[in-house]
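Structural characterization, general
Here's the letter readout for the chains.
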Amino acid sequence: MFNQDVAIQTQSQHKLSLEEILGDLISDGLLLQEDADAVIAHLHPEDRVKHHPLENVANQQLIDRRSPNNQLSIEVLTVWLADKSGVPYKRIDPLKVDVTMVTEVVSYAYAERHKILPVEASPTRVVFATCEPYLSEWQPELENILKKTVERVVVNPVDIERYRVEFYGVSRSVKGAVGTAETTKFFNVQNIESLVELGRRGHLDSDDQHIVNIVDWLLQYAFEQRASDIHLEPRREMGNVRFRIDGVMNQVYQVPATVMTAVVSRIKSLGRMNVAEKRKPQDGRVKSRTPNGIEIEMRLSTMPTAFGEKLVMRIFDPNVLMKSLKDLGFGRDDEKHWKKMVSHTNGIILVTGPTGSGKTTTLYSTMKSLAKPEVNVCTVEEPIEMVEPSFNQMQVQQNIGVDFASGIRTLMRQDPDIIMVGEIRDLETAEMAIQASLTGHLVLSTLHTNDSTSAITRLLDIGVPYYLIKATLLGVVAQRLVRTLCPHCKQSVEVDEEMWNKLVSPWTVPLPTHAAEPVGCLECRNTGYMGRIGLYEAFTISADIQSLIREDFNEVQTRKQAYKDGMLPLRLNGAQKVNAGLTTLDEVLRVVPMRMD
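A brief structural summary. (Residues numbered from 1 in each chain as written. Predicted model: local features only at pLDDT ≥ 70, side-chain atom pairs only at ≥ 80, totals over all residues. Heavy atoms only, no water.)

1. Describing the overall build of the protein
Along its length, the protein carries 23 helices and 19 strands. Along the first, second and third principal axes, the C-alpha set of the protein runs to 90 × 65 × 50 Å. Across the 597 residues that make up the protein, the buried fraction comes to 51%. Considering only contacts in the protein between residues 6 or more positions apart, those separated by 24 or more positions represent 64%. Here the protein displays about 27900 Å² of accessible surface, and carbon together with sulfur accounts for 49% of that area. (Helix = DSSP H or I, 4+ residues; strand = E, 2+ residues; numbered from the N terminus. Buried < 20%, exposed > 50% of the residue type's maximum accessible area, 1.4 Å probe, protein only. Contact = heavy atoms within 4.5 Å. Areas by Shrake-Rupley, 256 points an atom, 1.4 Å probe, with all protein chains shown as cover.)

The structure is reproduced here in structure tokens:
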């Protein structure tokens, strides 16, 4: 049986023991005596040595006796330990750590010996993370050596161990890669579906793996941070690595220009791109795995710039194909309109919006739901965004004469039921899509316009006769993506009447009693936002709308008729999301086009 008396220790310099932790948890009411006995009974002797006492307690998944609905997770225990010891608590946000600077403060060996990690550094102070708040002998020693103020914060032991290896590992790899003659030596990938197995860094001194290590770290880092895009941007001296998270760019790291060139070359090789060609833009794709084993598709794009090739990697989350229309953000009426459109056996349906507004996600999710065993779904894309086994996907290759128009022509001979065209960008593609719809196929495609009714104007502008639009167009959905408020920290506020009226004008919409605003917490990295959701404007082609599609097409008149038919504009859809506490007025006003309707 666990003896609580053993846990009584002085507050002098000492390393935390399991008995001390359990005793304090009992004293503070987080555990009962039988909980502590169970921890001791179930703990393997090797785990006692291998893991920090907080980890050993957290691994038992015990209930917090003060709050029976909560579990004593590693983070809850770390917060408790910080409060108990009087040392401030911190959760490491790797995006806000200047890895280059902090890894110059002390060596990896010193940090490992004292189980610490520098997380902030400035000319006058350094902040170190520790999971041993009662061991601080190293603090005055470092203050004397560094000639700076040294502060301590308590961080959970798992994060300290993990980020110590990652930060020092990537820093060492970058240093080792500088000036290494072998940084241009890469291997070839033969298959479009080749899986990039991210290497497991066991030793920090594997000199022949510098660039491999950097790329591995970069990809895993991006997956963990929910990045949708990775930007590698060359500059004269130092290249920038940036992630787009929830639609916002975040600076991540800087590497010397020579290392950036080598990293870009390796990724190009993995994507079956021409490593030697640096003057022309190229496209490629690569498949990898997240740290938890989920396969991820990535689309690569290079562009020559003044200081070298810029590479953007767009990351596609396979889980988007499993999302329902409601999960994507469709309201009840919009979902009804959309389902009615895609229930037709022939005709054209368009999804419009700027780049990065989620058009492809909407189409893929819809096609996934339509791709039954008895339905033949075919796509022609440039490039193929995500490889989906239930579709027959064809990639446009302009260099050998395979464009969208010829791709549609080929698909029409493949006995399709549903055809998805990546984008209608010219008259020839539009004519082939219309031809496919007239011969009994349902055609889905995208178009770049600001709203739904502008799609008709755009088709007329590229030369499609009005009578063909009238005969084939079933409907248009315009969309945008807005950041959603973090559910862990958002708080209720009164709605700003002036901003509300700006959003809903010229409609008269009652001012909601309350909305929500971002606060910022550990879960959302103090941004106040977590994830994104769609705003939709579903424009169905009714008999009244068809009568307005003529040679002298009037978009304003058509839009007014669409409102009479029940179309909800993007701004009012955004207002609904604000009223539901999902996002903010600022977010909706940021992304939705303002126009007088």
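2. Remarks on the packing of helix α9 (residues 157–177) against helix α10 (residues 210–224)
Relative orientation of the contacting elements α9 and α10 amounts to 140°, with a least axis distance of 8 Å. Considering the angle they form, α9 stands oblique to α10. Crossing of α9 against α10: the hand is left-handed. Residues Arg162, Glu166, Val170, Arg172, Ser173, Val174, Gly176 and Ala177 of α9 form the contact with α10, whose own contacting residues are His210, Ile211, Asn213, Ile214, Trp217 and Glu224. Here the contact of α9 with α10 is composed, by residue class, of six nonpolar, four polar and four charged. (Axes fitted to C-alpha atoms, helices over the stretch in contact; angles between N-to-C directions. Parallel < 35°, antiparallel > 145°, perpendicular 65-115°, else oblique. Left-handed = near helix turned anticlockwise from the far one by under 90°. Nonpolar A, V, L, I, M, F, W, Y, C, P; charged D, E, K, R; others polar.)

3. Describing the sheet that holds strand β14 (residues 418–421)
An order of β13-β12-β14-β15-β11-β16-β19 is seen for the seven strands of this open sheet, with the pairing classed as mixed. Looking at the sheet topology across the chains shown, the edges are occupied by β13 (392–395) and β19 (529–540). In this sheet, adjacent strand axes meet at a mean angle of 20° when their direction is disregarded. Packing of helix α15 (residues 404–411) onto the sheet brings it into contact with β12 (377–381), β13 and β14, and relative to β12 it is tilted by some 165°. Relative to strand β11 (residues 347–352), helix α16 (residues 427–438) is tilted by about 135°, and along the sheet it contacts β11, β14 and β15 (442–447). (Pairing = 2+ DSSP bridges.)

4. What to know about the sheet that holds strand β3 (residues 149–154)
Strands sit in the order β1-β2-β3 across an open sheet of three strands; the sheet is mixed. Among the strands making up the open sheet, the edge pair consists of β1 (116–121) and β3. In this sheet, neighbouring strand axes are inclined to one another by 30° on average, regardless of whether the strands run parallel or antiparallel. Relative to strand β2 (residues 125–130), β1 is paired through five bridges, and the arrangement is antiparallel. Each bridged residue has a counterpart across the sheet, and for Pro118 the counterpart in β2 is Phe128. In the packing of helix α8 (residues 138–146) onto the sheet, contacts are made with β1, β2 and β3, and the angle to β3 comes to roughly 145°.

5. Quick notes on the pattern of salt bridges
This structure, assessed with the given rule, holds 28 salt bridges. Of the charged contacts in the structure, one is a salt bridge between Arg125 and Glu120, with a shortest N-O distance of 3.4 Å. For Glu120, a relative accessible area of 31% gives the class partly exposed. Close ionic contact of Glu537 with Arg559 constitutes a salt bridge, the shortest N to O distance being 2.7 Å. Here Glu537 is found in strand β19, whereas its partner Arg559 is found in helix α21 (residues 555–564), with 22 residues between them in sequence. We note that Glu537, like Arg559, is buried. When salt bridges that share partners are traced, they join Lys90, Glu120, Arg125 and Glu151 into one network. (Salt bridge = Lys/Arg side-chain N within 4 Å of Asp/Glu carboxyl O.)

6. Points about the nonpolar core
In this structure, Leu117, Phe128, Ile230, Leu232, Phe243 and Tyr253 are the most contacted members of the largest nonpolar core, which totals 62 residues. No other element matches α10, which puts nine residues into this core. Each residue touching Tyr253, except ones within four places of it in the same chain, is listed here: Val99, Thr100, Val170, Ser171, Val174, Trp217, Gly239, Asn240 and Val241. In this structure, Ile348, Val443, Val464 and Ile541 belong to the second largest nonpolar core, which totals 35 residues. (Core = buried A, V, L, I, M, F, W, Y, C linked by side-chain atoms within 4.5 Å.)

7. Digging into the environment of Thr130
Along the chain, Thr130 turns up in strand β2. Each C-alpha atom of the pair Thr130 and Glu555 lies 63 Å from the other, and the pair is 425 residues apart in sequence. Beyond its immediate stretch of four places on either side in the chain, Thr130 contacts Lys115, Ile116, Trp138, Arg152, Val153, Val154, Val155 and Ile160. For Thr130, the side chain forms a polar contact with the main-chain nitrogen of Glu132, separated by 3.0 Å. (Polar contact = N/O pair within 3.5 Å; in protein donor to acceptor, adjacent residues only side chain to side chain.)

8. Digging into the packing of aromatic side chains
Each aromatic ring pair is described using two quantities: the centre-to-centre distance and the angle formed by the ring planes. Taken as a whole, this structure holds eleven aromatic pairs when the rule is applied. Centre to centre, the rings of Trp507 and Tyr563 are 5.4 Å apart; their planes meet at 85°, and the pair counts as edge-to-face. Of the two residues, Trp507 is situated in the loop between α19 (497–504) and β18 (515–517) and Tyr563 in helix α21; the sequence distance between them amounts to 56 residues. A cation over an aromatic ring shows up here: Arg483 above the ring of Tyr529, its NZ or CZ 4.0 Å from the ring centre. (Phe/Tyr/Trp six-rings, centres within 6.5 Å; stacked < 30°, edge-to-face > 60°. Lys NZ or Arg CZ within 6 Å of the ring centre and 35° of its normal.)

9. A look at the packing of α10 against helix α11 (residues 257–270)
For the pair α10 and α11, interaxial distance at closest approach is 10 Å and the crossing angle is 75°. Classified by the angle their axes make, α10 and α11 are roughly perpendicular. Judged by residue contacts, Ile211, Val212, Ile214 and Val215 of α10 engage Val259, Ala262, Val263, Arg266 and Ile267 from α11. Across the contact of α10 with α11, the residue classes break down as eight nonpolar, no polar and one charged.

Worth remembering: the numbers are spatial, not functional.
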